[in-house]
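As a plain string of letters, each chain reads:
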Amino acid sequence: MKKSIPIKQAFDVLEGFIADIEAPVVEFVARQDNDPFKILIATILSSRTNDVITTRVISRLFERVTNLKDLESIDQEELKDLIYPVGFYRQKTVQLKKLPYVISVKFAGTIPSEIDDLVMLPGVGRKTANLVRNTAFGKPAICVDVHVHRITNRWGYVNTKNPLETELELRAKLPVEYWSKVNHYLVSLGQTVCKPRNPKCPECALTGLCPKLV
Ligand code: SF4
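Residues numbered from 1 in each chain as written. Predicted model: local features only at pLDDT ≥ 70, side-chain atom pairs only at ≥ 80, totals over all residues. Heavy atoms only, no water.

### Brief notes about the overall build of the protein chain
- What the protein chain contains, in helices and strands, is twelve helices and zero strands.
- Secondary structure elements in the protein chain, listed N-terminal to C-terminal, are α-α-α-α-α-α-α-α-α-α-α-α.
- A compact globule built from 214 residues would reach a C-alpha radius of gyration of about 17 Å, and the protein chain, at 18 Å, matches this within 12%.
- In terms of overall dimensions, the protein chain has C-alpha extents of about 55 × 30 × 30 Å along its principal axes.
- With 214 residues in all, the protein chain has 50% of them scored as buried. (Helix = DSSP H or I, 4+ residues; strand = E, 2+ residues; numbered from the N terminus. Rg over C-alpha atoms; globule rule 2.2 N^0.38 Å. Buried < 20%, exposed > 50% of the residue type's maximum accessible area, 1.4 Å probe, protein only.)

Pasting the structure below:
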């Protein structure tokens, strides 16, 4: 049988590890201002964009746009210039401009918190929906991105082919107390140590626990 990481010990170790690492940008926004609008926008913009660029862009954007009304009224060209150079900024501009209308018509002007509702919003996929549900509303959700998918498979904790399978397997076996932490912890680990290529196993805090090394 394939070896799997002891999950409680792993999270205990990672708790100390992430204390020295800057929080991912969406977590940072949530700590500053727990506003579902800002968290939703920051999450959409952070997709396929590194945190340095996302942080710069959202600081600039939130000086001009702070709610759905501002987003509705801002000129599309101005919005595009404000969010440049996040990944897919042209596509995201169009999606952001559609948000106020969709939220108004489908959700009476209130940002929803359920996954099935969130994924109906333009620019919101399952990963974004889970992150918003958890970060903005404090509801249990597992946000699986490339880091969570890759690392939980390296740990032997799941055995899956894509992020959706990973989310479903984690929902079935990961203790709920870790649901809100797993994305933050594994994004931090994945960006610094457990990288997609050439993970730095000899200097990893999980050496001795991770079956990749055992
Ligand atoms: S860097 Fe290596 S030891 Fe650390 S979690 Fe990744 S695969 Fe495991």
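After that view of the structure, there is still more to cover.
### Examining the packing of aromatic side chains
- Following the criterion strictly, the structure yields four aromatic pairs and no others.
- Plain terms: the ring middles of phenylalanine 11 and tryptophan 155 are 6.4 Å apart, the flat faces sit at 80° to each other, and that makes the pair edge-to-face. In this pair, phenylalanine 11 sits in helix H1 (residues 7-19) while tryptophan 155 sits in the loop between helix H10 (146-154) and helix H11 (163-173), placing the two residues 144 residues apart along the sequence.
- In this structure phenylalanine 11 comes out as buried when scored by relative accessible area, which is 2%.
- Ring geometry for tyrosine 84 and tyrosine 89: centres 4.9 Å apart, planes at 90°, overall edge-to-face.
- Members of the aromatic cluster, joined through ring pairs, are Phe11, Trp155, Tyr178 and Tyr185.
- Over the face of the ring belonging to tyrosine 157 we find lysine 173, whose NZ or CZ atom lies 4.3 Å from the ring centre. (Phe/Tyr/Trp six-rings, centres within 6.5 Å; stacked < 30°, edge-to-face > 60°. Lys NZ or Arg CZ within 6 Å of the ring centre and 35° of its normal.)

### Examining the packing of H10 against helix H12 (residues 179-192)
- Their axes nearest at 8 Å, the elements H10 and H12 cross at an angle of 80°. The angle between H10 and H12 falls in the class roughly perpendicular. On H12, the residues that touch His147, Val148, Arg150, Ile151 and Thr152 of H10 are Val182, Asn183, Leu186, Val187, Leu189, Gly190 and Gln191.
- In the contact of H10 with H12, the residues fall into six nonpolar, five polar and one charged. (Axes fitted to C-alpha atoms, helices over the stretch in contact; angles between N-to-C directions. Parallel < 35°, antiparallel > 145°, perpendicular 65-115°, else oblique. Contact = heavy atoms within 4.5 Å. Nonpolar A, V, L, I, M, F, W, Y, C, P; charged D, E, K, R; others polar.)

### What about helix H7 (residues 89-107)?
- Here H7 contains 19 residues, and its C-alpha end-to-end distance of 25 Å stays within 8% of the 27 Å for a straight helix at 1.5 Å per residue.
- Turning to H7, its buried residues are Tyr89, Lys92, Thr93, Gln95, Leu96, Leu99, Pro100, Val102, Ile103 and Phe107.
- Once H7 ends, the next one or two residues include alanine 108, with phi positive near 50°. (Expected span 1.5 Å × (residues − 1).)

### Some details on the site of the ligand
- Around the ligand lies a shell formed by Arg154, Trp155, Cys194, Pro199, Cys201, Cys204, Leu206, Cys210 and Lys212.
- Here the shell around the ligand is built from residues that sort into seven nonpolar, no polar and two charged. (Near = heavy atom within 4 Å.)

### Details of helix H3 (residues 36-46)
- Of all eleven residues in H3, ten are buried, a share of seventy percent or more.
- Of the positions making up H3, those classed as buried are Phe37, Lys38, Ile39, Leu40, Ile41, Ala42, Thr43, Ile44, Leu45 and Ser46.
- Summarising the contacts, the buried residues of H3 are in contact with helix H2 (25-32), helix H4 (51-64), helix H5 (68-73), helix H6 (76-83), H7 and helix H9 (126-137).
- One side-chain oxygen of the residue at the start of H3 lies 2.9 Å from the amide nitrogen of phenylalanine 37, identifying that residue as aspartate 35.
- Trailing H3 by a residue or two, arginine 48 shows a phi angle of about 60°, which is positive. (Polar contact = N/O pair within 3.5 Å; in protein donor to acceptor, adjacent residues only side chain to side chain.)

### What to know about the pattern of salt bridges
- Within the structure shown, the criterion is met by nine salt bridges.
- Between glutamate 15 and lysine 181 there is a salt bridge, with its nearest N and O atoms 3.9 Å apart. Placement of glutamate 15 in helix H1 and of lysine 181 in helix H12 is noted, with a sequence separation of 166 residues between them.
- Taken together, the salt bridges that share partners define one network made up of Glu114, Arg133 and Lys139. (Salt bridge = Lys/Arg side-chain N within 4 Å of Asp/Glu carboxyl O.)

### Looking at the domain arrangement of the protein chain
- Each assigned domain of the protein chain is listed with its residue range as follows: domain 1 (7-21 + 142-203) and domain 2 (25-137).
- Each of domain 1 and domain 2 has a C-alpha centre, and the two are 25 Å apart.
- Facing eleven residues of domain 1, the contacting portion of domain 2 comprises eight residues.
- Buried surface at the junction of domain 1 and domain 2, summed over both partners, amounts to about 730 Å²; 51% is from carbon and sulfur atoms.
- Summed over the shared surface of domain 1 and domain 2, the number is one salt bridge.
- One salt bridge in this structure joins arginine 126 and glutamate 167, with 2.9 Å as the shortest N-O distance.
- Put simply, domain 1 and domain 2 have three residue pairs in polar contact (both at pLDDT 80 or more) between them.
- Only H11 and H12 provide two or more residues apiece to the side of domain 1 that touches domain 2.
- Here the element with the most residues in the side of domain 1 that touches domain 2 is H12; it accounts for four residues.
- Grouping the amino acids of the side of domain 1 that touches domain 2 by side-chain chemistry returns four nonpolar, four polar and three charged. (Domains from an automatic or database assignment. Buried area = accessible area lost by both parts, 1.4 Å probe.)

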